[in-house]
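# Commentary on secondary and tertiary structure
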Amino acid sequence: MADYQWPDAQHRTLIGTRQARLDGPVKVSGRAKYTYDQNPKGMLAGAILRSPHPHAKVTAVDTSGAEAMSGVKAVQVLQGPGKEIKWAGDEIVAVAAVDERTAEDALRAIKVQYDVLPHFVDDETEPKGAGETAGPLGMDELITRLTTPVGGAYRVNESQIAELVRTRGISFRVTPEFVKRLRDNGVGEDLIKTLQAAPVKPAENAVSPYKKTSSEDKGNPEQAFQSAEVISQGIYGVPVITHCCLEAHGVVVHWPDAEHLETQVSTQNVSGIPDQLAQALSGAGVGISASNIRNQQQHVGGGFGSKFSADRWSLAAAQLSKKAGGAPVKIFLDRRAELEVAGARPSAYARVKLAAKKDGTIIGWDSQSWGTGGPLGGNMPPIPYIFTEIPNQRKQHISVATNIGPARAWRAPNHPQAAVLTMCAIDDLAARLGMDPYDVFMKNLSYTPRANVYEAELKKADELMGWKKRWHPRGDKASGPLKQGLGLSIHTWGGRGHNGAGDLTIHPDGTVEYRSGTQDLGTGTRTAIAMVIGETLGLPLDAITLKIGDTNFPHDGGSGGSTTIGAVASESRRAAVDALNQLLAKVAPALGAQPDQLEALYGTIRVKGSNGKSVTWKKACSMLGATGVTANGKNPDASKPPDLTSSGVGGVQMADVSVDVETGIVKVNKIVAVQDCGLIINLKTAESQCYGALIMGITYALFEEKIMDPTTGRMLNPNLEFYRLAGYGDIPELVVHMMTGPGYDERGVIGLGEPPVISPGAAISNAVDNAIGVRVPFLPLTPDRVLAALENKGGAA
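Fair warning: this is a prediction, and the values are worked out from it, not measured in the lab.

Our next topic: the packing of aromatic side chains. Under the defined criterion, the tally for this structure stands at seven aromatic pairs. Relative to Phe332, the ring of Tyr36 lies with its centre 5.0 Å away and its plane at 90 degrees, an arrangement referred to as edge-to-face. Here Tyr36, found in the loop between α1 (24–28) and β1 (44–50), pairs with Phe332, found in strand β14 (residues 329–332); they are 296 residues apart in sequence, far enough to count as distant. Pairing Phe172 with Phe178 gives two aromatic rings, centres 5.7 Å apart and planes at 80 degrees, and the pair type is edge-to-face. Just as Phe172 is buried, Phe178 falls in that class too. Taken together, Tyr349, Trp370 and Phe778 form an aromatic cluster joined through their ring pairs. Cation over ring: Lys322 sits above Trp255, and NZ or CZ is 4.0 Å from the ring centre. Between Arg345 and the ring centre of Tyr700, over which it is positioned, the NZ or CZ distance is 4.6 Å.

In structure tokens form, the structure reads like this:
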């Protein structure tokens, strides 16, 4: 009988090979249909009126003008009088009309009055001790946290909120009416009990945007810095950047009858949308169970962490459709709204001091960090990054609450920022020591969780970049304005597969069908599933029919945290093995063998090691009877060992850059990425993940920044002209090497979506520093910042 264990390298026909994506032809030919392409008959155009103020209280809303307009079918107030608005662009009123022009006219007919409040959008200025102890949790902050998904999650983390309540107390009384309101909105009993038991404190310090949210000491940092032979210090930072998916956030919804809702959401969380939407509708007074909501999606034009939630526009579209008699309503964000309100990556800045011995051994870390994730402030990134076992550490973080806009998970949440704050500080230490940073990194790998992996990857990256042959001390001494430099960084990520399931059916005619509620973000999920099933059943990829992206199929997790490949590979492997074993039991008598003597290979069921005793796949399936066999596979599944996925990967990246010291323009010449991710299912799409991540990394290293106007509190570059992304001419030679084979394969399948995007910012920053001889402290490395750094140095590279 077949078992669940991944086959070893000598017995694989598909796993580990390079396969083109199954959905490639429909995408390149334009036949792939995205949510944005859905235009059902009778569809109404939805539009949203947004707040022009970054901080205000709504005092009055008059929608009578819009409601009286011909062609307007529904109007829905989203945030009425009394609501506090905390960022420019927040949703106030939604309308549905016969076409976009009428909907836009209707928005202009709506009158909203605001009590404008002071705003604050400066997250870059160093607090310099302004951080105050976080006060008790206020009612507004509690509600905001209860309605805002955090980090890589797509649900509110109530256990984290409860911990804040226990730590900080609350500034309001928990009345029976408030408890009822919480229960009506689905808040868990554990959090409610925590709120009821929490001490009520005065709301002191409530006006300061600066809150000290973390202060940690480890070992004896004071003594470490007193005994240090070398001390290096510097300031580093990464600004707020926004999500910028090619397909904007949006939804098409309709009510086929009064009890059922059908949605097509541009999402990376197909199975999770119905529950979220049912809760939101319940809160808005529209009762519907999640089981009566069907969500579908075949393709999505990017997510990167920003598309886990149903969002207010989905709720608005459902409400408008209900009011319009169930007619389809489509709401998509335009590019301005997309950049202003669809989620941003938090900023992170830090003043870092390192203590070391002359041989490069780090003995102490001291950091004062700050940053914002919008109105909720922001948490300390995981620093010192990877070098977590530095023996003596002192860390303090100040959260900066701003009206910049809401934060959302952004590919490898907090890791790119942490990499910049840590790897740039170590690079500066190496310069202070007069050492090659490659040697300093090697010297301190014992502080990392997987020293052997990083050592092997650093050596491979050196070979591919020619680091040891080409590296020079800080400051390129060559003549002329173009200076060349090398920089490196290392990174890590988890990547264990999430909870999920899929059903596999082998039909009597030999066809094979797999159904799962998972989604393909464009990373090759379909192809990976087909490769696992094909490998297990001994069939080619085109023999597998895949049905995904529909809540009518088994529930699967959201594609976040690099958890999809581990999940779908495990689920489909277990389902295919179980179905195959049922087939082998049927076929065994015909071959005069026991089921455990059979194997599926090259489109046949055959006796192991005997080419002569076999039947074709199609003939074998004809023995199944009229209904075929169906098996369900899950991840995880302790009843069906072994665990087919695991967690924890490492990667090393090196960057080669040129800097024009007359113009300040940085050009990346080459990036080398060396990466492990356990057992690789599809080598081609694994490499593609790295190529895409490197391009994304070059973009945030050189161009991306959400620029805020301190006077108006509005974003100054909410368009693709001034919110620049890397173009074709910005992409250098990209070299990707995947670590595979013994030591890697036996760990099982681990996700790869996040890790390769973490290091580019730090590696490129270090390379610029190596080229011009001075640190450019903050990303992006724009010409003005490069020239300012050179000027501070004295104007010369």
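After that view, the rundown keeps rolling.
Here the focus is the pairing of strand β26 (residues 629–635). Burial along β26 is one-sided: Val629, Ala631, Gly633 and Asn635 are buried, and none of Thr630, Asn632 and Lys634, which face the opposite way, are. With seven bridges joining them, strand β20 (residues 500–506) and β26 adopt antiparallel strand pairing. In the strand pairing of β26, Gly502 is matched with Gly633.

Another aspect to go through is the packing of helix α12 (residues 415–433) against helix α20 (residues 760–772). Their axes nearest at 8 Å, the elements α12 and α20 cross at an angle of 30 degrees. Put simply, α12 runs roughly parallel to α20. In terms of crossing hand, the pair formed by α12 and α20 is right-handed. Counted together, Ala419, Val420, Met423, Cys424, Asp427 and Asp428 of α12 and Gly761, Ala762, Ser765, Asn766 and Asp769 of α20 form the full contact between these two elements. Of the residues belonging to the contact of α12 with α20, the class tally is five nonpolar, three polar and three charged.

We now examine helix α7 (residues 189–197). All of the buried residues along α7 are Leu191, Ile192, Thr194 and Leu195. Taken around the axis of α7, the buried residues stretch over an arc of 160 degrees, which confines them to a single face. Pointing more than 90 degrees away from the buried face of α7 are the exposed residues Asp190, Lys193 and Ala197.

So, how was this worked out
Residues numbered from 1 in each chain as written. Predicted model: local features only at pLDDT ≥ 70, side-chain atom pairs only at ≥ 80, totals over all residues. Heavy atoms only, no water. Phe/Tyr/Trp six-rings, centres within 6.5 Å; stacked < 30°, edge-to-face > 60°. Helix = DSSP H or I, 4+ residues; strand = E, 2+ residues; numbered from the N terminus. Buried < 20%, exposed > 50% of the residue type's maximum accessible area, 1.4 Å probe, protein only. Lys NZ or Arg CZ within 6 Å of the ring centre and 35° of its normal. Pairing = 2+ DSSP bridges. Axes fitted to C-alpha atoms, helices over the stretch in contact; angles between N-to-C directions. Parallel < 35°, antiparallel > 145°, perpendicular 65-115°, else oblique. Left-handed = near helix turned anticlockwise from the far one by under 90°. Contact = heavy atoms within 4.5 Å. Nonpolar A, V, L, I, M, F, W, Y, C, P; charged D, E, K, R; others polar. Arc of directions from axis to C-beta.

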